[in-house]
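Architecture and fold: a report
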Amino acid sequence: MDIEVIQEYIPLYVEAAKLTLRLAIIGILGAIIVGLLCSIIRYYKIPIIHKIVGGYVELSRNTPLLIQLFFLYFGLPKIGIVMSSEACAIVGLIFLGGSYMSEAFRSGLEAIPKIQEESGLCLGLTRWQVVRSILLPQAIMISMPAFLANIIFLIKETSVFSVVALADLMFVAKDLIGLYYRTDEALFLLVVAYLIILLPISILFTIVERRLKRVAIGN
Amino acid sequence: MLQSAINVLFQGRNFIRLLEGLWITVRISLLSVLLSIILGILLGFIMTKKNPVIRVITKIYLEFVRIMPQLVLLFLVYFGLSKSLHINLSGEFSAILVFTIWGTAEMGDLVRGALESIPIHQYESGRALGLTEKQLYMNVILPQTFRRLIPQSMNLVTRMIKTTSLVVLIGVVEVVKVGQQIIEASRLTAPLAAIIIYTTIFFMYFIICFPLSKFAGRLEQRWKD
């Protein structure tokens, strides 16, 4: 391995990591919103829509992101729906992540005793107030471990974004291997880049989870 | 237009070829799962040992494999290992190697979790009743462990099948690659083939993974207590 070569390549990886992170953040935020909506729809069994949402969740959980992206990027333009690479990546990540987040929140919602919701309604709160101030705060706390695991999972899934022609970390690494045969340096930086992104998040989430467990016991 | 695209799907051996391509991914995941289960059970037993050196080594292995995207691991083996060892690894072999390394880590952690979830009094009662270690494990501990383990390992299988779709990126000719070949071949005669082929591949994965994950969910519910 050549230190000078590594120094030369670092800026390329920083740019790529920025792109990956930006898309991951937008995608994950979208997935959280979609997940919350879907979980509430399924929890209240809103007629017709909850069946559609159920179908969506199964479809998205049982197919790989790679295939979803191929469909979005190469399939849909044929019937007139053209999206840019970045839009495809974000839509793909939201499509995948929405269902995982929805399942996490739903298990949280279902763990709350029915009596809490009934008491809220008895006290004269509106349905929306019950959802916002009673159900969601507790559901989010209960589903926190699954929720955090999903975030890490979704960041890892962004590694397939290069198939829709985005210059992410994998793309840069493959380019350097293909063009200059700098396999060792390219792969070394690739691993380091993902470690820098994922290791702190993973450690932080472990700490948060441990804290939550203590809070739950203290309760 | 759309009709001619649908015709492409069933033209000649196209649909059979797609299924053959799918079989390659499924075969990679089945082989890796089989190896992962054997090695994972071993690893799980090793991880319950209290030895600090073993603990640190298994922990580092587990965390590294889990934190890296699977595609990075594939690149490391397919490009890195073959270069540093000066051997020519086929895409399929690299994939099986990577998915076995990954699956063993995941499976090992599941086995460890299942073993540790058995309350200590089960072991103690068994010993108090005068069971030998072999009898204790065969009749008391393992049957309970398997109830926890089977649904979870079925979920791992579906994850494995979904993740093996990545092998197209290290040059394995599987269902996506075959699909691309079919699309290219009919580019002029049926320009809409892409949407039909990708929808078909999408549902092929769904048809394999959906029953598995449904069944795993059902087993988990039934064996909860």
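Residues numbered from 1 in each chain as written. Chains lettered and ligands numbered in written order. Predicted model: local features only at pLDDT ≥ 70, side-chain atom pairs only at ≥ 80, totals over all residues. Heavy atoms only, no water.

**Points about the overall build of chain A**
Counting its regular elements, chain A contains nine helices and zero strands. The linear arrangement of helices and strands in chain A, starting from the amino end, is α-α-α-α-α-α-α-α-α. Residue burial in chain A is summarised as follows: out of 219 residues, 48% are buried. Contacts spanning at least 24 positions in sequence make up 78% of the contacts within chain A whose residues lie at least 6 apart. Surface exposure of chain A reaches about 10900 Å², of which carbon and sulfur atoms provide 68%. The averaged location of the 16 negative side-chain charges in chain A is 13 Å from the averaged location of its 18 positive side-chain charges. (Helix = DSSP H or I, 4+ residues; strand = E, 2+ residues; numbered from the N terminus. Buried < 20%, exposed > 50% of the residue type's maximum accessible area, 1.4 Å probe, protein only. Contact = heavy atoms within 4.5 Å. Areas by Shrake-Rupley, 256 points an atom, 1.4 Å probe, with all protein chains shown as cover. Lys, Arg positive; Asp, Glu negative; His and termini not counted. Charge placed at Lys NZ, Arg CZ, Asp CG, Glu CD.)

**Looking at the UniProt feature "domain: ABC transmembrane type-1" (unreviewed entry) in chain B**
Under the present numbering, the feature "domain: ABC transmembrane type-1" (unreviewed entry) in UniProt falls on residues 22-209 of chain B. In residues 22-209 of chain B, helix accounts for 81% and strand for 0%; the two terminal C-alpha atoms are 12 Å from one another. (UniProt positions renumbered as here; feature names shortened; annotations may be inferred.)

**Quick notes on the packing of aromatic side chains**
Describing an aromatic ring pair means giving the distance of the ring centres and the angle of the ring planes. Tallied over the entire structure, the rule returns 17 aromatic pairs over all chains. Here Phe71(A) and Phe202(B) contribute two aromatic rings whose centre-to-centre distance is 6.1 Å and whose plane-to-plane angle is 35°, an arrangement assigned as tilted. Separated into two different chains, Phe71(A) in helix H3 (residues 65-75) and Phe202(B) in helix H9 (residues 193-222) make up a pair that spans both. Phe202(B) gets classed as buried once you look at its relative accessible area, which sits at 9%. Joined through ring pairs, the aromatic side chains of Phe71(A), Phe202(B), Phe203(B), Phe206(B) and Phe210(B) make up one cluster. Over the aromatic face of Tyr100(A) sits the side chain of Arg61(A), whose NZ or CZ is 4.9 Å from the ring centroid. Directly above the aromatic system of Tyr181(A) lies the positively charged group of Lys83(B), at a separation of 4.9 Å from the ring centroid. (Phe/Tyr/Trp six-rings, centres within 6.5 Å; stacked < 30°, edge-to-face > 60°. Lys NZ or Arg CZ within 6 Å of the ring centre and 35° of its normal.)

**Structural notes on the interface of chain A and chain B**
Opposite the 36 residues of chain A that make contact, chain B presents 37 residues. With both chains or domains summed, chain A and chain B bury close to 3400 Å², and 77% of this area falls on carbon and sulfur atoms. Sorting the residues of chain A by area buried against chain B places Asn62(A), Ile67(A) and Lys78(A) first, and these three jointly supply 18% of that buried surface. Connecting chain A to chain B are two salt bridges. The partner of Lys214(B) in a salt bridge is Glu58(A), with the nearest N and O atoms 3.2 Å apart. The interface formed by chain A and chain B includes six residue pairs in polar contact (both at pLDDT 80 or more). (Buried area = accessible area lost by both parts, 1.4 Å probe. Salt bridge = Lys/Arg side-chain N within 4 Å of Asp/Glu carboxyl O. Polar contact = N/O pair within 3.5 Å; in protein donor to acceptor, adjacent residues only side chain to side chain.)

**Regarding the packing of helix H4 (residues 70-85) of chain B against helix H5 (residues 91-117) of chain B**
All names here are of chain B. Viewed as axis vectors pointing N to C, H4 and H5 meet at an angle of 130°, and their least axial separation amounts to 9 Å. It follows from the interaxial angle that H4 and H5 lie oblique. Judged by the sense of rotation from one axis to the other, the crossing of H4 with H5 is right-handed. Here Gln70, Leu73, Leu74, Val77, Tyr78 and Leu81 of H4 lie close against H5, whose contacting residues are Gly91, Ser94, Ala95, Leu97, Val98, Phe99 and Trp102. (Axes fitted to C-alpha atoms, helices over the stretch in contact; angles between N-to-C directions. Parallel < 35°, antiparallel > 145°, perpendicular 65-115°, else oblique. Left-handed = near helix turned anticlockwise from the far one by under 90°.)

**Here's the deal with the nonpolar core**
Proteins that are soluble and globular tend to have nonpolar side chains buried together. Of all hydrophobic cores here, the largest spans 109 residues; its most connected members are Tyr13(A), Leu169(A), Leu190(A), Leu18(B) and Ile201(B). One finds Ala114(B), Val140(B), Ile141(B) and Leu149(B) within the second-largest nonpolar core, a separate group that totals 11 residues. (Core = buried A, V, L, I, M, F, W, Y, C linked by side-chain atoms within 4.5 Å.)

**A few points about the UniProt feature "domain: ABC transmembrane type-1" (unreviewed entry) in chain A**
UniProt tags residues 17-209 of chain A as "domain: ABC transmembrane type-1" (unreviewed entry). In residues 17-209 of chain A, helix accounts for 80% and strand for 0%; the two terminal C-alpha atoms are 26 Å from one another.

**Structural notes on the pattern of salt bridges**
Considering all chains together, one arrives at 19 salt bridges over all chains under this definition. Linking Glu117(A) and Lys114(A) is a salt bridge whose minimum nitrogen-to-oxygen distance equals 3.6 Å. Remark: Lys114(A) and Glu117(A) occur in helix H5 (residues 114-122); sequence separation between them is three residues, near one turn of the helix. A residue is classified by how much of its surface remains accessible, and Glu117(A), at 6% relative accessible area, is buried. Close ionic contact of Arg112(B) with Asp109(B) constitutes a salt bridge, the shortest N to O distance being 3.0 Å. Taken as a pair, Arg112(B) and Asp109(B) lie in helix H5 at a separation of three residues, close to a single helical turn. Accessibility expressed as a relative area gives 24% for Arg112(B), which makes it partly exposed.

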